[in-house]
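Okay, here's what each chain looks like letter by letter:
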Amino acid sequence: MAAEKGSILVVGGTGRLGRHVVAASARLGHPTFALVRDTAPSDPTKAALLKSFTDAGVTLLKGDLADHGSLVSAIKLADVVISTVGVLQLPDQTKLVAAIIEAGNVKRFLPSEFGLDADRSDAVEPTRSMLLASKAAIRRAVEAAGVPYTYVLTGSFFGFVLPSVGQVLAREPPVDKAFVLGSGDVKVMFAEEGDIGTYTVLAADDPRAENKTLHIRPPGNTMSHNEMLDMWEEKTGKKFERVHVDEDDVLKQIQEASIPMNLILSIGHATHIKGEQSKLEVDPATGVDASELYPDVKYTTVDDYLNRLL
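Residues numbered from 1 in each chain as written. Predicted model: local features only at pLDDT ≥ 70, side-chain atom pairs only at ≥ 80, totals over all residues. Heavy atoms only, no water.

By the naming in an unreviewed UniProt entry, the protein goes by NmrA-like domain-containing protein and is assigned to Urochloa decumbens.

The following block contains the structure:
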């Protein structure tokens, strides 16, 4: 008889990524809980999302990062806690760590990471202070508390970058011109949000990923921006001008832009110009590769996604 799967609590489950983690947890057979501020929201879109959760067997728990009691009560029901909170709530995860310590039953905690490596990135501001410093501080808090963890690093989210065919400075697919940061030859890793959810949940109670960094880098989704644009030209049968934005100009735009554009550009600078995703090697002492751990996962490819845009 197969061992019963551990229960999972997702904090931030209604967000862009969190909803996929919740869905994957339920689909993979884990007793799944989602911490939400309002279990019966008036917003019809949010209500429909929560209904999809309950239809999948997910239990909704009312709570908030600002309500310590609600956190402790929810955490006591779970073997694993996965946080997918957004940028503004990253520092508040210290409250989640405190509640995990008090509850005393959690076998694994996955803080909200899903991007550049907080300990090994040289990204410029505002990414450095808004993302990296906050994530690194949570890592240190988790490690100091002795809570078993898994840190999840991913490539660029499909939903953020592929609707514009990889352009950071545009929101739609190119028609006459494509804006390219740097040379466009730097390799970038891309990952679909549903696949990120699947790999995250698979690793959540996998002993091979305990106290390790999980690198989600599907091999078929590592390519340069130029290679992606070549693929798009072939699919559409149209050629377009490629406007290259050099590093100095990108840095200037970062300084002049406001939130969120300066954050988006600074991440683009780290990935498309500095190549931080493709240059980052998996250290076997501290990290594991999701594709190697779970080779049977059929992930969505960049090619699959671009076909949806046609």
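Asks: What exactly am I supposed to notice about the overall build of the protein here?
Replies: Each helix and strand in the protein was counted, giving 13 helices and 13 strands. For 310 residues, the compact-globule formula gives about 19 Å, and the C-alpha radius of gyration of the protein, at 20 Å, lands near that figure. Along the three orthogonal principal directions, the C-alpha set of the protein runs to about 55 × 45 × 35 Å. Here the protein holds 310 residues, and 52% of them are scored as buried. Considering only residue pairs separated by 6 or more positions, the protein has 78% of its internal contacts joining residues 24 or more positions apart. Looking at the protein as shown, the accessible area adds up to about 14,100 Å², and 53% of this sits on carbon and sulfur atoms. (Helix = DSSP H or I, 4+ residues; strand = E, 2+ residues; numbered from the N terminus. Rg over C-alpha atoms; globule rule 2.2 N^0.38 Å. Buried < 20%, exposed > 50% of the residue type's maximum accessible area, 1.4 Å probe, protein only. Contact = heavy atoms within 4.5 Å. Areas by Shrake-Rupley, 256 points an atom, 1.4 Å probe, with all protein chains shown as cover.)

Asks: For this particular structure, what's the right way to read the sheet that holds strand 5 (residues 108-110)?
Replies: Backbone-to-backbone hydrogen bonds pair the strands of a sheet. The strands run either parallel or antiparallel. Spatial ordering of the open sheet is given by 3-2-1-4-5, a layout of five strands whose pairing is parallel. The open sheet terminates on both sides in strands that have one partner only, identified here as strand 3 (59-62) and strand 5. If you compare each strand with its neighbour and ignore which way they point, the axes differ by 20° on average. Sheet analysis places strand 1 (residues 8-11) next to strand 2 (residues 32-36), joined by four bridges and oriented parallel. Residue pairing across strands places Val10 opposite Ala34, the latter belonging to strand 2. (Pairing = 2+ DSSP bridges. Axes fitted to C-alpha atoms, helices over the stretch in contact; angles between N-to-C directions.)

Asks: Please explain the pattern of salt bridges as it appears in this structure.
Replies: Between side chains of opposite charge, a pair can form when the charged atoms approach closely. A complete count under the given rule lists 20 salt bridges for this structure. The partner of Lys95 in a salt bridge is Asp92, and the shortest N-O contact between them spans 3.9 Å. Across the pair Glu233 and Arg242 runs a salt bridge, and its minimum N-O distance is 3.1 Å. Taking the relative accessible area as the measure of exposure, Glu233 reaches 8% and is therefore buried. When salt bridges with common partners are traced through the structure, they connect Glu113, Asp117, Asp119, Arg120, Arg139, Arg140 and Glu143 into a single cluster. (Salt bridge = Lys/Arg side-chain N within 4 Å of Asp/Glu carboxyl O.)

Asks: Please explain the side chain of Thr300 as it appears in this structure.
Replies: On the secondary structure map, Thr300 appears in the loop between helix 12 (290-293) and helix 13 (302-308). Thr300 has contacts with Phe158, Glu192, Asp195, Asn221 and Arg308, leaving out every residue within four places of it along the chain.

Asks: Looking at this structure, I do not really get the UniProt feature "domain: NmrA-like" (unreviewed entry) in the protein. What am I missing?
Replies: In the numbering used here, UniProt assigns the feature "domain: NmrA-like" (unreviewed entry) to residues 5-306. From the first C-alpha to the last, residues 5-306 spans 35 Å; its make-up is 41% helix and 18% strand. (UniProt positions renumbered as here; feature names shortened; annotations may be inferred.)

Asks: What's the story with the sheet that holds strand 9 (residues 187-191) in this structure? I'm lost.
Replies: One open sheet holds the three strands; their spatial order is 7-9-11, and the pairing between them is mixed. The open sheet has two free edges, formed respectively by strand 7 (156-157) and strand 11 (222-224), since each of these has just one partner strand.

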